[in-house]
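For reference, the chains in residue letters:
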Amino acid sequence: MIAGRSIAAEESATPKRAPGLHAASEGAALRLVVDGLEPDERDVLAAILHILEERCARRWQLCDRAPADLQLHTRAALRDHRAGVTGLILREGETAGSGDSLDLTMPLRVMAVLDVLNAAGDRLSHRRILSEQQAPATPAAGVEDDGKSLATALGRLIERKPDQALRVRIVGHGTLYVSWRQRRFCSDFARDKLKPALEQHSFVLTTIASDSPELEQQMQQARPIDELLWSIGLSTGGEPPALCSARFRLQRWPDLARLPHKPMHIQACAALAARAMSADELAAAVGVSRRDACHFLHACELCGLTQTLPADTQAAPSVLPASGRFTGLFDRLRRSLGL
Amino acid sequence: MPQEYIVLVAGPMGAGKTTAIAALSEIPVVRTEAQNTDLERNAKATTTVALDYGEITLPDGGKVRLYGVPGQERFDFMWRILEKRALGLILLIDNAAVDPLADLRHFLQSFAEIDRRGALVIGVTRCDVAMQPDADAYYAQLRQLDRMLPVFQIDGREPAQVRALLGTLVALVEARATFSDARATEGATA
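Residue numbers restart at each chain and count upward from 1, following the sequence in its written direction. Chains and ligands are labelled sequentially in the order written, the chains with letters from A and the ligands with numbers from 1. Note on the predicted model: pLDDT of at least 70 is required for a residue's local features to be given, and 80 or more for side-chain atom pairs to be given and counted; whole-chain, interface and lining totals, by contrast, use all residues. Just so you know, side-chain values use all the structure's heavy atoms and leave hydrogens and water out.

Asks: Please give an account of the sheet that holds strand S5 (residues 102–105) of chain A that cites residues and values.
Replies: Residues and elements named next belong to chain A. Read from one edge to the other, the open sheet built from five strands follows the order S2-S1-S3-S4-S5, with strand pairing classed as parallel. Each edge of the open sheet carries a strand with a single partner, namely strand S2 (60–62) and S5. Strand after strand, the sheet turns through a mean of 25° between neighbouring axes, direction not considered. Whether two strands pair depends on DSSP finding at least two bridges between them. Secondary structure elements follow DSSP: runs of H or I of four or more residues count as helices, runs of E of two or more count as strands, with numbering from the N terminus. Angles here are taken between N-to-C directions and fall from 0 to 180 degrees, while the axes themselves are lines fitted to C-alpha atoms, restricted in helices to the stretch in contact.

Asks: Report on the nonpolar core, specifying residues and quantitative values.
Replies: Generally speaking, nonpolar side chains in soluble globular proteins are found buried as a group. By nonpolar core is meant a set of buried Ala, Val, Leu, Ile, Met, Phe, Trp, Tyr and Cys residues that side-chain atoms within 4.5 Å join together. Buried means the residue's accessible area, taken with a 1.4 Å probe over protein chains only, is under 20% of the maximum for its type, while exposed means over 50%, and partly exposed covers the values in between. Formed by 109 residues in total, the largest nonpolar core has its most connected members in Leu-176, Leu-228, Trp-253, Leu-282 and Phe-296 of chain A together with Leu-8 and Ile-122 of chain B. Apart from the residues lying within four places of it in its own chain, the contact partners of Leu-282 of chain A are Ala-268, Ala-271, Leu-272, Met-277, Ala-293, Phe-296 and Leu-297 of chain A. Core analysis: the next-biggest nonpolar cluster, separate from the first, contains 25 residues, Ile-48, Trp-60, Leu-62 and Leu-72 of chain A among them. Every residue pair with non-hydrogen atoms within 4.5 Å of one another is taken to be in contact.

Asks: Report on the pairing of strand S4 (residues 85–90) of chain A, specifying residues and quantitative values.
Replies: Residues and elements named next belong to chain A. Of all six residues in S4, six are buried; the element is thus mostly enclosed. Pairing of S4 with S5, which is carried by four bridges, proceeds in the parallel orientation. Bridge pairing links Ile-89 to Leu-104 in S5.

Asks: Explain the confidence of the model for chain A to me, and be specific about the residues and the numbers.
Replies: Residue and element names in this part refer to chain A. Each residue carries a pLDDT value, the predictor's own confidence for that position, ranging from 0 to 100. Of all residues in chain A, 75% attain a pLDDT of 70 or more, and the chain-wide mean is 77. Between the elements of chain A, mean pLDDT differs from a low of 60, seen in helix H7 (residues 241–245), to a high of 94, seen in helix H8 (residues 263–274). Predicted confidence for residues 1–26 stays below pLDDT 50, and this span has 74 contacts to residues more than four positions away or in other chains.

Asks: Lay out the side chain of Arg-223 of chain A in plain terms, naming residues and giving numbers.
Replies: All names here are of chain A. Mapped onto the fold, Arg-223 is located in strand S10 (residues 223–224). Taking relative accessible area as the criterion, Arg-223 reaches 12% and is therefore assigned buried. Aside from chain neighbours lying at most four places away, what touches Arg-223 is Arg-183, Arg-184, Phe-185, Ser-187 and Arg-191.

What follows is the structure in structure tokens.
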């Protein structure tokens, strides 16, 4: 029996954070601590995590000591109550934990590890939202996605660029077909219902063959997938890790004649076309909340419109006060034309 | 004192310049047309031979004056006069033309002064008639020319789509005027 042993690979300095809300609230890699595994089992887990690096909804880092966003432990090892989420590693013959516990059965399998990591990521996001709702300051400008909506599920799936197509039956709305391979999608409900449909929590998602007759028939009325990705990005995203630390430059404009947008999206595109900016800089430049800036950047990222630059790229200058003859023209035009 | 801003709408014959101005203007569009003598290029019976004109009044009394410049090259003396005073250019490209990408290159070169300022947006029309070249091809062409300009697929008869083009043009100009390093870059590339 081995207890209290942890996986190697440690990050350098660990900032102090509130218990249970470690990296989840910031966008840095989430910290995973594993106790009670044999050395060869740890090696297997490390290899699996390496494979899953690109596939996980959040970035995970193996650490050998607390604080942990997720602690996986065997029954013999001690549970760290400071961890954000804990999960049980089940040896052969051991019974599962309580109903809502995160269980990982030995021997380790890639998809099982992926499920546990994504479920832990969801729980951490959910807790962060709850803690932000309970916080008295800075009311949110809109409804935050709770990580269980169709938008989140689709976003996660599409980021993996699946070979198979997806059929989604959305309760109260209709059916949505998505083909990543064809980069097209279609729905049997009105275009303006896409956003509320993506916010739904009741849906059945099925993978179907890319060459199925059903898909072929539906895709005759298909639309470019950027319309779907744009809506998913604007509804979800929160603050993915990359959005918090990097700067972004627009390398291609969203087709704003087709895509639903607000005036701030036009201004944000123009700002990012002029200058690489971080989410905070963009929020300041356009005069929107950080959350809205992050969602906009997420939408651009999903549609492949932005180039990500390292955080140490030259900072955007402060927004200049009104001076030129063009200043405020966009707002005046917006009021005239109802943009 | 209320200010005036000139926005040019240019593009080859038949790209929908007059229609786009009509979609934006709050006054009836004033236009001068004549028999089209260049039926090889475009089969429409008549074409604009002087400026199309429309306008938008701003809340402070200022005006956005919309000038549609004729697409034929023999009128390019008008382009020269107007481009110096213009805030920017909405360039419409007919996707059903023989070589839309060549039209794009031609007009970028023709309006080099505005292009250099980056005060230019591209609306691709008649995509329902011809699906190629697609947006990827336009962006690839712009990359070759070392440009990063907005390309929207529009139907000039849809006011919301034309408004998105105009709003984008104004936001572009404002953003360039706001970020000082963008101005420096402009100067460097001039």
